[in-house]
Each structure stands twice: as structure tokens, then as C-alpha cells.
Amino acid sequence: MNTVLSRANSLFAFSLSVMAALTFGCFITTAFKDRRVPVDIHVSKVMLKNVDDFTGPRERSDLGFITFDLSADLQPIFDWNVKQLFLYLSAEYATKINSLNQVVLWDKIVLRGENTKLNLRDMKSKYFFFDDGNGLRANKNITLTLSWNVVPNAGILPLVAGSGHISLPFPEAYETTKSY
Amino acid sequence: MLSIFKSIPTHMDYKGQKLAEQIFQGIILISAVIGFVYGLIIEQFGWTVYIVLAGFAVSCVLTLPPWPMYRKNPLSWQPALPEISGESSQKPQESLKKKKHK
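Residues numbered from 1 in each chain as written. Chains lettered and ligands numbered in written order. Predicted model: local features only at pLDDT ≥ 70, side-chain atom pairs only at ≥ 80, totals over all residues.

The name an unreviewed UniProt entry gives chain B is Signal peptidase complex subunit 1, with Stegastes partitus as the organism. Recorded under Sequence similarities (unreviewed entry), the UniProt text for chain B is reproduced unchanged: "Belongs to the SPCS1 family." The UniProt entry for chain B carries this comment under Subcellular location (unreviewed entry): "Endoplasmic reticulum membrane". (UniProt positions renumbered as here; feature names shortened; annotations may be inferred.)

By the naming in an unreviewed UniProt entry, chain A goes by Signal peptidase complex subunit 3 and is assigned to Stegastes partitus. Listed in UniProt under the heading Sequence similarities (unreviewed entry), the comment for chain A reads: "Belongs to the SPCS3 family."

Here it is in C-alpha cells:
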């Protein structure tokens, strides 16, 4: 403490320790918070095709097309320990081969300060809804769920499923188109 | 160049060093508490960081330079003894021996 440099050193070290303690406090104040919010999913149109899947089993596989509406108010999730949300819509279903299939159909990043009221109409899925066989046709129970990763300033990275999933049956017959 | 830097006084006395440490710890802790409460209320952790950084800057200004308030208790050194000619060659050796015995 007798020179400028040694004072600057202890001042800097002390400030960093205090900052670390504050960051931990930020984590603790939000660690046990419930980050679920109600989500309203509505599927307006389902289409099913049977096409060549060049990435999968090299056979004709089921490809689903879903048009959906999505509305949710994400404002309660945001607090001082949230930088962004990564939302994704996933489909879960069971087939004869696999007891659980999960396919991500659509995703969206909501940054802090952006509009937190989701109100989306007639959305097409971003990614292909391919089954690895023919498990989509006449499947009676395909569940769509909106889940989100909460990206924090400090602490754990929680993965939360929104309450309000929807189950829908898929059509019995394939859509036949001449050109695709 | 170096002699210019060395001519700047940076020294604090012992009580001044203790006071400087107490001052910067107090300022940073108070700004940390204020920043935490403020950030919690307005739900922005960035403001907590800014307030702590402001406390850091203020305590840098207050405690890095040796302000007069840190130099109020200088050590009272024994006044320099006048050298007596002739014994000057022996005296330093005697004092060294005494220090070793202690």
C-alpha cells in the first residue's frame, strides 16, 4: 500500500472480488424462479407427403408440413438475469420403431428488449419434419410443444417447456403432387 | 524520463495507508450495495456493473494519489547525528554487531 501501483493492485483485486460476489447474487436471486408461461398453439393445416429422403434411410420417408398459429406472452420470463430466449417448437410422437421421436420444427431467438408478445399467424415450419420411416401416416398422437432455453448473465442454462402443448392426428393418406 | 517519474511523490505514512484501504473498501462496498439494489429494482444487471465501476473510479481518485490527509502522521526519525572525525570508521561496525545480537 506504500506505492501507487500496490494501491492500484489491491483496489482492482478488491473490486473484482466484489463484482464476482454481485454476479453470484444475481444468479441466486433468480435461480429458483419458475420460468414457465402459458402458450397457445393452434394448428390450422396438416399435410403429409411421402418423398425420397436422401439424408436418411435412402427410401421414401414421411414428410409432414404443418401450418400453425402461436401466441404467448414471454414478458414474465425476462428479469435481470436473462439475456435472451431461444424458443423452439418440437414435435414428439411414438412409432413402432422408436418409442420417442423428437423433431424440431421451428425456432426463434428473442433478445432482451425485443417485443416479448408472440402473436404469430399461419407460420410454416422452418425445418423439415421428416420421419425416419413411415411413422407419420395415420399417427394419432403427435404432440407439439414450445420450449425455451433461458440464456442467463450468470448461472445455469435452464431448459423450460411451456405449458400448453397440443396433440393432433395426422392424415391417413399421402398428398400426391405432380411436381416438387 | 525515469527521474521525472521518481520525482513524483507517491509515499503515504502508515496510518495514511490504513486509512486509504478503509476508504476504498468502504466506497466499493457501498457502491456495490447501491448497485445491487438498483439493478434488482429496474431489472438490469448492467446498471449494477456500471455503479460498481463508478465506485471503483471514485476510490481510484481518492486513494491512489498521496493526498495530504494520508501524510498527517509522518514517522519521527531520530535527527541525523553529527559525525565525529576519527571514530567514524569504527562506529558503523559496532552498531552492526549490536543489531546482530538483538
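(A) Quick look at the overall build of chain B. Assigned secondary structure in chain B consists of four helices and zero strands. Scanning chain B from its N terminus toward the C terminus, one meets helices and strands in the order α-α-α-α. Per-residue burial for chain B yields a buried fraction of 21% across its 102 residues. Partitioning the intrachain contacts of chain B with sequence separation of at least 6 by distance along the chain shows that 65% fall at a separation of at least 24. (Helix = DSSP H or I, 4+ residues; strand = E, 2+ residues; numbered from the N terminus. Buried ≥ 20, exposed ≤ 12 C-beta atoms within 10 Å, placed from the backbone. Contact = placed C-beta atoms within 7 Å.)

(B) Seen up close, helix 1 (residues 4-30) of chain A. In a regular helix each residue adds 1.5 Å, so 27 residues correspond to 39 Å; helix 1 of chain A covers 39 Å between its end C-alpha atoms and thus fits that length. Residues of helix 1 of chain A that are buried include every one of A:Arg7, A:Leu11, A:Ser15, A:Val18, A:Leu22, A:Cys26 and A:Thr30, and no others. (Expected span 1.5 Å × (residues − 1).)

(C) Structural context of the interface of chain A and chain B. Contacts between chain A and chain B engage 19 residues on the former and 24 residues on the latter. Taken together, the residues of the side of chain A that touches chain B sort by class into ten nonpolar, seven polar and two charged. (Nonpolar A, V, L, I, M, F, W, Y, C, P; charged D, E, K, R; others polar.)

(D) Region of interest: the UniProt feature "transmembrane region" (unreviewed entry) in chain B. All names here are of chain B. The sites that carry the UniProt feature "transmembrane region" (unreviewed entry) are, in the present numbering, residues 21-41 and 47-67. For the annotated span residues 21-41, helix accounts for 100% and strand for 0% of the residues, and the straight-line distance between the end C-alpha atoms is 30 Å. Summarising residues 47-67: 81% helix, 0% strand, and an end-to-end C-alpha distance of 30 Å.

(E) Geometry of the confidence of the model for chain B. All names here are of chain B. Scored by pLDDT, chain B has a mean of 83; 81% of the residues are at 70 or more. For the stretch residues 94-100, pLDDT sits under 50, and the model shows zero contacts to residues farther than four places along the chain or on other chains. Reported confidences for the modelled complex are a pTM of 0.75 and an ipTM of 0.76. (pLDDT = per-residue confidence, 0-100.)

(F) Expanded view of the UniProt feature "transmembrane region" (unreviewed entry) in chain A. When the UniProt feature table is mapped to this numbering, "transmembrane region" (unreviewed entry) covers residues 12-32 of chain A. Taken end to end, residues 12-32 of chain A is 90% helix and 0% strand, and its two terminal C-alpha atoms sit 32 Å from one another.

(G) Layout of the nonpolar core. Counting residues in each nonpolar core, the largest one holds 25 residues, and the members touching the most others are A:Leu85, A:Ala91, A:Leu105 and A:Leu146. Of all the secondary-structure elements, those providing two or more residues to this core are strand 1 (39-52), strand 2 (60-73), strand 3 (82-93), strand 4 (101-111) and strand 7 (142-152) of chain A. Sort the elements by how many residues they give to this core and strand 3 of chain A lands first, with six residues. In this structure A:Leu146 touches A:Val39, A:Ile41, A:Leu70, A:Ala72, A:Leu87, A:Leu89 and A:Gly162, once residues within four positions along its chain are discounted. Core analysis: the second largest hydrophobic core is formed by 17 residues, B:Ile27, B:Ile28, B:Phe45 and B:Ile51 among them. (Core = buried A, V, L, I, M, F, W, Y, C linked by C-beta atoms within 7 Å.)

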